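Now for the letters of each chain:
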Amino acid sequence: MTQTHYRACHLCEAICGLKIETRGEEILSIKGDPDDPLSRGHICPKAVALQDIHEDPDRLRYPVKRVDGENGQHSWVEISWDEALDTTAEALMRSYREHGVDSIGVYLGNPSVHNYGMLTHQNYLFRWLRSKNRFSATSVDQLPHHLTSLWLFGHKSLFPIPDIDRSEYFLMLGANPLASNGSIWTVPDVKKRIKDMKARGGKLIVVDPRRTETAELASEHLSIVPGSDALFLAAMLNTLFEDGIADPGKLSAFTTGLDEIAAAVATFTPEHAAQHCGIDAPTIRRIAKDFADSGAAICYGRMGVSTQIFGGLCQWLIQIINIATGNLDKVGGSLFTLPAVDQVPRTGPGGFDRHRSRVRNLPEFDRELPAAAMAEEITTPGEGQIRVMFTGAGNPVLSTPNGRALDDALPQLDFMVSLDPYINETTRHAHIILPPTSPLEHDHYDIAFHINAMRNTSRYNPPVFEPASDKLHDWEIFTALGERVARALGEEPKELVAPHEMIDVGLQFGPYGKDSEHDLSLEKLKDNPSGIDLGELQPMLPDRLMTADKQIHCAAPPALADLDRLASTFGGTPADGLLLIGRRHVRSNNSWMHNYHRLVKGKPRDQLMVHPEDLSAHALKDGDQALLQSRSGEVTVTLLASDEVMPGVVSLPHGYGHNRQGVRMNTASANAGVSCNDVTDAAYLDELSGNAAINGVPVKLSAIA
Ligand SMILES: Nc1nc2c(c(=O)[nH]1)N[C@H]1C(S)=C(S)[C@@H](COP(=O)(O)OP(=O)(O)OC[C@H]3O[C@@H](n4cnc5c(=O)[nH]c(N)nc54)[C@H](O)[C@@H]3O)O[C@H]1N2
Ligand SMILES: Nc1nc2c(c(=O)[nH]1)N[C@H]1C(S)=C(S)[C@@H](COP(=O)(O)OP(=O)(O)OC[C@H]3O[C@@H](n4cnc5c(=O)[nH]c(N)nc54)[C@H](O)[C@@H]3O)O[C@H]1N2
Ligand code: SF4
Ligand SMILES: [Mo]
């Protein structure tokens, strides 16, 4: 009998609604759900990968233990859950007792945010292991967004979301939603939304060193020198203040500090910016004026302006521009969400720089240290050295800067455990791998991405397939380990509440729960499998602010102070040489989705894109193999001539490099590519936030001798 299931795609932040047809254990089709109020039927080519993940023979079904053999070769044997969990808990406790809790390092990767049980239940384990050595993909990604939100709005997760459907002017920096499908901006079907905006007479201006798919669709594309965006943004503010066109409107009633910022950006003229960023002064002035004159405008920046040496400053300046022009909390500008399960009032606001990393003295954020510090914290002896590592849903060997150093560091650990369905570049170093159920075998609620969504909706999906009784969900693995560790510590394990029960409480006591006309509950969502529409985003300030005095204090002292670093970095003549940036493709997803034939087939996508002028300057040509070197590493790349990138800029996607010994991802290894992060530099950071600067890395290109 054919059955229809409704299920969100959890692969990216667009959280598209899917309709999945099955017969018995067989998946017949995966299509977009036209009744989903957020995604309206949209999907991308990755949606079908849900089937490929589920059926992949390389995906681990049971725990495995590494057995070392000759010449660094090793094999894996399946073991029982009891053995795997007992061994892991014992190893964690041994290190805790002998070397202290900070000897346990933790890294959680991106899919942990797409898997709600991992969010709700990681503390069943980690509440007992409060190590300072916690890391996550946040510090190779959106850390500057969290910091800005903490400083300005009082909570790390209060993100201003572009209200594209009602906007007139969209200034987008360092984002390529046509490939990424949006980030810190859940916006399924973004292509149509951009086209609709332009059809209404709206304008999209894309600022990017590469003429991306999104830039192709834009009204205007401005090529910018990687890492120089903060100058461009400061110069826009300079124009807004100098020309007297800044007007925060209703925000004035609860905003302080703009005068101080006006004084601080007085020297950041468009002429100065133009010398370094490759965009001329009249254009910067024009963009500032058009932005201010427009009825409803959005300034938004993502990866390209977050993971660079001025990531923190860029994200702060972006929101100051939105505030100074009255476009924050405005329809058609940037608005805050009100999700049905509202984490903002229930989770801590986050904090910054309450402790620092041991070796390099880098600041924590939200009790996590910069991922760029992980390798040195493993290899540098002394008190607080990491001796045991727990990784979950992450592949930091491919995803963090100078991943080679981490690849070399992990074998030095006393013990490593990975919560992951694959033996990949990182987990191959584990002693034990704990594989969770397949995505289609567990239920789903988007705790994280409704916070970032351009419309308030709510949706719960039961599992598509019931897992066999000897499989464990990620949250059950956390719970089982937590119980063991608690008992070893002589403590009572945390009382067990399943993730869906937490969601039910969150829904009933949330903003659309018992006390509202929506009367949301888990039952009600089950009766509405495509999801429930809760309407467009609404202005909510100052009520929604989480600052103690319900004011936005714009002049965040660390950000203001960082303007000095900006001035001194761009004080002299512009440097020459090549700068490396990344690239995403719609059929790829970070490091872990190269194992599905349907997605990887077709033209290669892992080459280094180089401008033809730079190719001839280096006596190289399209298709050549060449050496790409930085201060910290080198890789051999295949060259792709393209005028999409501006001269002086080369682009290499991350997440490749699957040919390392011991990786068990057959399709991925057959199209291995090289890892961009073998070239990025762990010492090259945004000094303000500690975020990795994986874009704008100085590199050299040469023919292979
Ligand atoms: N040079 C460069 N580096 C980058 C980036 C870049 O643009 N350029 N981007 C950065 C960004 S934005 C990010 S988010 C990071 C991502 O970096 P990571 O989060 O470290 O890596 P992923 O490639 O997402 O690896 C995901 C892992 O999770 C596993 N997994 C998938 N689903 C589940 C699940 O449900 N449960 C469990 N337990 N495991 C699961 C997969 O098997 C895989 O091993 O990379 C960063 N690194
Ligand atoms: N298909 C696909 N979708 C994804 C992912 C994926 O790997 N594949 N990853 C997901 C994840 S984890 C994330 S975080 C999001 C990321 O979502 P986005 O940020 O939208 O995606 P990117 O393609 O990394 O876009 C970054 C852009 O910044 C540009 N850039 C690089 N350096 C600079 C600079 O110095 N200044 C400026 N102005 N621009 C610069 C790059 O050319 C690139 O176009 O995508 C998510 N969605
Ligand atoms: S855009 Fe693609 S990968 Fe992202 S949620 Fe939608 S179908 Fe999944
Ligand atoms: Mo990310």
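By the naming in an unreviewed UniProt entry, the protein chain goes by Molybdopterin-dependent oxidoreductase and is assigned to Congregibacter brevis.

Student: An account of the pairing of strand 9 (residues 169-173) is needed here, citing residue identities and associated values.
Tutor: For strand 9, the buried fraction is high: five of the five residues fall into the buried class. Here strand 9 shows no split at all, with Tyr169, Leu171 and Leu173 on one side and Phe170 and Met172 on the other all buried. Sheet analysis places strand 9 next to strand 13 (residues 297-301), joined by five bridges and oriented parallel. The residue bridging Leu173 from the neighbouring strand is Gly301, located in strand 13.

Student: Explain the site of ligand 1 to me, and be specific about the residues and the numbers.
Tutor: The full set close to ligand 1 counts 30 residues, and Tyr107, Asn110, Asp420, Asn424 and Ser591 are the nearest of them. One of the backbone N or O atoms of Leu419 is found 3.0 Å from a nitrogen atom in ligand 1. Asn424 is positioned with one of its side-chain polar atoms (N or O) 2.7 Å from an oxygen atom of ligand 1. Protein contacts shield 97% of the accessible area of ligand 1, which totals 920 Å² for the unbound molecule. A class-by-class count of the residues in the shell around ligand 1 yields 15 nonpolar, eleven polar and four charged. There are two domains that each give the shell around ligand 1 at least three residues, and those are domain 2 (76-141 + 354-439 + 474-488) and domain 4 (576-703).

Student: Please give an account of the sheet that holds strand 17 (residues 388-392) that cites residues and values.
Tutor: With mixed pairing, the seven strands of this open sheet are ordered in space as 5-4-19-18-17-6-7. The open sheet has two edge strands with one neighbour each: strand 5 (74-78) and strand 7 (134-136). Neighbour to neighbour, the strand axes of the sheet diverge by 20° on average, direction disregarded. In the sheet, strand 18 (residues 415-419) pairs with strand 19 (residues 432-434) via three bridges, with the strands oriented parallel. Across the sheet, residue Val417 finds its bridge partner in strand 19, namely Ile432. The strands touched by helix 18 (residues 474-488) within the sheet are strand 17, strand 18 and strand 19, with strand 18 carrying the most contacts at an inclination of about 145°.

Student: Help me get a handle on the pattern of salt bridges, residues and values and all.
Tutor: Across all of its chains, the model carries 38 salt bridges by this definition. The shortest N-O distance in the salt bridge between Arg459 and Asp36 comes to 2.5 Å. In this pair, Arg459 sits in the loop between strand 21 (455-458) and strand 22 (460-461) while Asp36 sits in the loop between strand 3 (26-32) and helix 1 (49-55), placing the two residues 423 residues apart along the sequence. For the residue pair Arg459 and Asp36, the accessibility class agrees, reading buried in each case. With a closest N to O distance of 3.5 Å, Glu536 and Arg166 form a salt bridge. You can see Glu536 sitting in strand 23 (residues 532-536) and its partner Arg166 sitting in the loop between strand 8 (161-162) and strand 9, a full 370 residues away along the chain.

Student: So what about the UniProt feature "domain: 4Fe-4S Mo/W bis-MGD-type" (unreviewed entry) in the protein chain? Which residues, and what values?
Tutor: Taking the numbering used here, the UniProt-annotated feature "domain: 4Fe-4S Mo/W bis-MGD-type" (unreviewed entry) corresponds to residues 1-58. Span residues 1-58 is 12% helix and 36% strand, its end C-alpha atoms 29 Å apart.

Student: Describe in detail unusual backbone geometry, supporting the description with residues and values.
Tutor: Residue Pro542 follows Leu541 across a cis peptide bond; omega there is 5°. Structurally, the position occupied by Pro542 is in the loop between strand 23 and strand 24 (552-553). Positive phi outside glycine occurs at Arg367, with the angle close to 65°. Summarising the element assignment, Arg367 is placed in the loop between strand 16 (363-365) and helix 15 (374-379).

What counts and what doesn't
Residues numbered from 1 in each chain as written. Chains lettered and ligands numbered in written order. Predicted model: local features only at pLDDT ≥ 70, side-chain atom pairs only at ≥ 80, totals over all residues. Heavy atoms only, no water. Buried < 20%, exposed > 50% of the residue type's maximum accessible area, 1.4 Å probe, protein only. Helix = DSSP H or I, 4+ residues; strand = E, 2+ residues; numbered from the N terminus. Pairing = 2+ DSSP bridges. Near = heavy atom within 4 Å. Polar contact = N/O pair within 3.5 Å; in protein donor to acceptor, adjacent residues only side chain to side chain. Areas by Shrake-Rupley, 256 points an atom, 1.4 Å probe, with all protein chains shown as cover. Nonpolar A, V, L, I, M, F, W, Y, C, P; charged D, E, K, R; others polar. Domains from an automatic or database assignment. Axes fitted to C-alpha atoms, helices over the stretch in contact; angles between N-to-C directions. Contact = heavy atoms within 4.5 Å. Salt bridge = Lys/Arg side-chain N within 4 Å of Asp/Glu carboxyl O. UniProt positions renumbered as here; feature names shortened; annotations may be inferred.

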